Amino acid sequence: MIDLTPNDRIPGAWLLTLGRLIFDQSVLDTVVRPTIADLQRELRDAGSSRTRRATARWRGYRAFWTLALIAPFAFWGAPIPGRTPIAFPDLAARIAVTVILMTLATVGGSAIGIWTIVVGIGGSAFAIVIHHWHSRHPLSVAVPESSRSRRPEINMSSIRIGANPGGLLFVCGSTFAVLAGLPMARWFLLVTLVLGVLCAWALVAWHASHPFRGLPENRIYLR
Amino acid sequence: MSENAPATLPKKERFILELLVSGGPMYGLQLVEQSDGALKRGTVYVTLGRMEAKGLVESQQEELPPGAIGLPRRIYTPTGLGQRMLRAWTVFARELAWETKS
């Protein structure tokens, strides 16, 4: 619906190409194409006014990127079995996680030393192996007899830290404690904060795109 | 709608249904413009897609004139189920409001 000559580039064409890589066909038809169609429509209505065209482009591109950002967390009404997440099919999720991990390694390597990265990767691989082994050979957790071991102490491991104000308070408090004791580690803390946010984003995206996998308490249902 | 899904009508979906019932079929962008900021361009089609999957609205692609370049927009209409759902929800909310005031 754009008044353009065939030689002109169609606005939003590369967004559509990108959308084809990220979204499945039904999402492309019902969500992505209308979003791009709105961009094209507004550009047409803007006429030759540069300001209005720039505004239309800004609005349209912002809408697309907002959609791309929320897509991994949005559902057609999960948790209903059989309904699929609206974006990030498995292949795209793997690529996204790989890219994030490579970015972490690149950024983290220069900031905290290559051996830390090597140990981190080795530890992660070891954790995956242990997780697989434990899945095949489940163990019952040893519980101490409470009557004999009751002591007036604070057991940090028994405090539930979750995605709540308590968790935020714990993170801020422990970061401040480390910062007060080791002020030279401020850049390390800043980098780990950014990397932690990226990791959390990747985890939430994975759980949102696989709503029926993983431990029940880790499943995320967003409207 | 799925048989097991609870019959709920979230605020945004109710708002969209109200706009469509009172204003007739609309494009997504029109809904955003008429919502006074309640609906956002980046998320309105996700909500509309979800509502379509639930059977509350239906959509059709607009007819493009010959020689037109660009993507066709989608125009949204409330279904019978959507209209009944909105009526039921309005009655339900009114009953509840009356009860809580008294």
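What counts, and where the lines are drawn
Residues numbered from 1 in each chain as written. Chains lettered and ligands numbered in written order. Predicted model: local features only at pLDDT ≥ 70, side-chain atom pairs only at ≥ 80, totals over all residues. Helix = DSSP H or I, 4+ residues; strand = E, 2+ residues; numbered from the N terminus. Buried ≥ 20, exposed ≤ 12 C-beta atoms within 10 Å, placed from the backbone. Contact = placed C-beta atoms within 7 Å. Pairing = 2+ DSSP bridges. Axes fitted to C-alpha atoms, helices over the stretch in contact; angles between N-to-C directions. Expected span 1.5 Å × (residues − 1). Arc of directions from axis to C-beta. Core = buried A, V, L, I, M, F, W, Y, C linked by C-beta atoms within 7 Å. pLDDT = per-residue confidence, 0-100.

A.B. asks: How should I be thinking about the overall build of chain A in this particular structure?
C.D. replies: Along the backbone of chain A there are 7 helices and 0 strands. Evaluated residue by residue, chain A yields a buried proportion of 18% over its 223 residues. Within chain A, counting contacts between residues at least 6 apart in sequence, those at least 24 apart form 55% of the total.

A.B. asks: Help me understand the environment of A:A54 in this model?
C.D. replies: Secondary-structure assignment places A:A54 in helix 3 (residues 50-70). Separated by 11 residues in the primary sequence, A:A54 and A:L43 place their C-alpha atoms 8.5 Å from one another.

A.B. asks: Quick question: what am I supposed to make of the sheet that holds strand 3 (residues 74-78) of chain B here?
C.D. replies: Hydrogen bonds along the backbone pair up the strands of a sheet, which may run parallel or antiparallel. Residues and elements named next belong to chain B. Read across the open sheet, the 3 strands follow the order 1-3-2; overall the sheet is antiparallel. Unpaired on one side and paired on the other, strand 1 (26-27) and strand 2 (57-61) mark the two borders of the sheet. Where strand 1 meets strand 3, 2 bridges bridge the pair, whose relative direction is antiparallel. Pairing of M26 across the sheet is with Y76, part of strand 3. Along the sheet face, helix 3 (residues 44-54) touches strand 2 and strand 3 and points at about 115 degrees away from the line of strand 2.

A.B. asks: What am I meant to see in the pairing of strand 3 of chain B here?
C.D. replies: On any regular strand, side chains alternate: one points to one face of the sheet, the next to the other face. Residues and elements named next belong to chain B. Residues of strand 3 alternate between two faces, with R74, Y76 and P78 buried on one and I75 and T77 left unburied on the opposite face. Pairing analysis gives 5 bridges linking strand 2 to strand 3, with the strands arranged antiparallel. Residue pairing in the sheet places V57 in a bridge with P78 of strand 3.

A.B. asks: Is there a simple way to explain helix 3 of chain A in this structure?
C.D. replies: The α-helix advances 3.6 residues per turn, and as a result positions three or four apart in sequence lie on the same side. All names here are of chain A. With 21 residues, helix 3 should reach 30 Å at 1.5 Å per residue; the first-to-last C-alpha distance of 30 Å fits that figure. For helix 3, every residue scored as buried is listed here: A56, G60, A63, F64 and L67. With its buried residues spanning 95 degrees around the axis, helix 3 presents them on a single face. Among the exposed residues of helix 3, those pointing more than 90 degrees away from its buried face are R50, T51, A54, W58, W65 and L69. In this structure, the buried residues of helix 3 make contact with helix 1 (13-22) and helix 2 (25-46).

A.B. asks: Would you take a moment to explain helix 3 of chain B for this structure?
C.D. replies: Here helix 3 of chain B lies mainly inside the structure; 9 of its 11 residues are buried. For helix 3 of chain B, the full list of buried residues reads B:V44, B:Y45, B:V46, B:T47, B:L48, B:G49, B:R50, B:M51 and B:K54. Against helix 2 of chain A together with helix 1 (11-23), helix 2 (28-34), strand 2 and strand 3 of chain B lie the buried residues of helix 3 of chain B.

A.B. asks: Explain the nonpolar core to me, please; I cannot follow it from the model alone.
C.D. replies: Soluble globular proteins tend to bury their nonpolar side chains together. Counting residues in each nonpolar core, the largest one holds 33 residues, and the members touching the most others are A:V31, A:I36, B:I16, B:V44, B:L48 and B:V57. Put simply, the parts of the chain that give this core at least two residues each are helix 2 and helix 3 of chain A together with helix 1, helix 2, helix 3 and helix 4 (80-101) of chain B. Broken down by element, the residue count for this core peaks at 7 residues, all from helix 2 of chain A. Excluding residues within four positions of it along the chain, B:I16 makes contact with B:L31, B:T47, B:L48 and B:M51.

A.B. asks: Any chance you could explain the confidence of the model for chain B here in plain terms?
C.D. replies: Regions with low pLDDT carry predicted coordinates that are not meant to be interpreted in detail. Residues and elements named next belong to chain B. Within chain B, residue pLDDT values average 84, and 88% of them lie at 70 or more. Per-element confidence in chain B is highest for strand 3, whose mean pLDDT is 94, and lowest for helix 4, whose mean pLDDT is 82. Under the prediction, the complex receives an ipTM of 0.81, its pTM being 0.54.

A.B. asks: Teacher, can you tell me more about the confidence of the model for chain A here?
C.D. replies: Of the residues in chain A, 57% have a pLDDT of 70 or more, and the chain-wide mean is 72. Low pLDDT (under 50) marks residues 1-7 of chain A, which in the prediction has 16 contacts with non-local residues, meaning those over four places away or in another chain.

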